[in-house]
Amino acid sequence: MGLETLQEVAEQNEETTVYEQQLDEQGRSYATGKRKDSIARVWVKPGKGSVTINGKDITKYFARETYQFLIDQPFKVAERQGQFDVVCTVTGGGLSGQAGAVKHGISLALTRYEPALRSPLKKAGFLTRDTRVVERKKYGRAKARRSFQFSKR
C-alpha cells in the first residue's frame with residue numbers, strides 16, 4: 001500500500017456515522033422488532049408511558065410480570081421511564097418471542113427518536129437481533145433431532 005491509500009483509509013475512518021432523528025408526520029418514530037418467529041411493529045412518541053399491544057394494555061396482553069419487565073428494560077437503560085407512549089402490533093410465535101420482539105422494536109424506535117440513546121442501548125445489547133430460531137423437523141425423525149424409540153421386537 002502506498003502512502004496515499006493509507007491516508008485515504010485514515011480519512012474514511014475519521015468520518016463517524018451521524019444518526020438523525022427519524023419521525024413520521026404525527027411525530028412518532030417507527031421500528032420493526034423481531035425475535036424467533038414473532039414480528040413487532042412499534043411506534044414510539046412522547047407521552048405518559050402507556051404501552052398498547054394489539055389494542056390491549058400491556059398488563060392484559062402480557063399477564064406475566066417477567067414479560068412486562070422485559071419490555072420495560074430499554075426505558076430503564078435509557079433512563080426514559082414514563083416519558084414515551086408505545087403502540088405496537090405483534091404477530092407470530094408465542095408470548096416469549098413476542099415480548100422479545102417488542103423489546104427489540106422499542107429499542108430501535110427509541111434510537112430513531114433520540115439518536116443519543118444508541119450508545120447505552122447498544123452496550124446493553126438491545127439493538128442486536130437474536131437470530132436463533134427453531135430448527136425444522138426432519139423426515140424419518142420424531143422432531144428435529146429426536147429419533148423414534150427403538151424396539152428390538
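Residues numbered from 1 in each chain as written. Predicted model: local features only at pLDDT ≥ 70, side-chain atom pairs only at ≥ 80, totals over all residues. Heavy atoms only, no water.

### Description of the packing of aromatic side chains
Within the structure shown, the criterion is met by four aromatic pairs. Between Y61 and F62 the ring centres are 5.0 Å apart and the planes differ by 85°, which places this aromatic pair in the edge-to-face class. Across the pair, F62 and Y61 agree in class, each one buried. A centroid spacing of 5.8 Å and a plane angle of 65° characterise the contact between F62 and Y67, whose relative ring orientation is edge-to-face. By the burial criterion, F62 is buried, and Y67 matches it. Taken together, the aromatic side chains of Y61, F62 and Y67 make up a single cluster linked through ring pairs. (Phe/Tyr/Trp six-rings, centres within 6.5 Å; stacked < 30°, edge-to-face > 60°. Buried < 20%, exposed > 50% of the residue type's maximum accessible area, 1.4 Å probe, protein only.)

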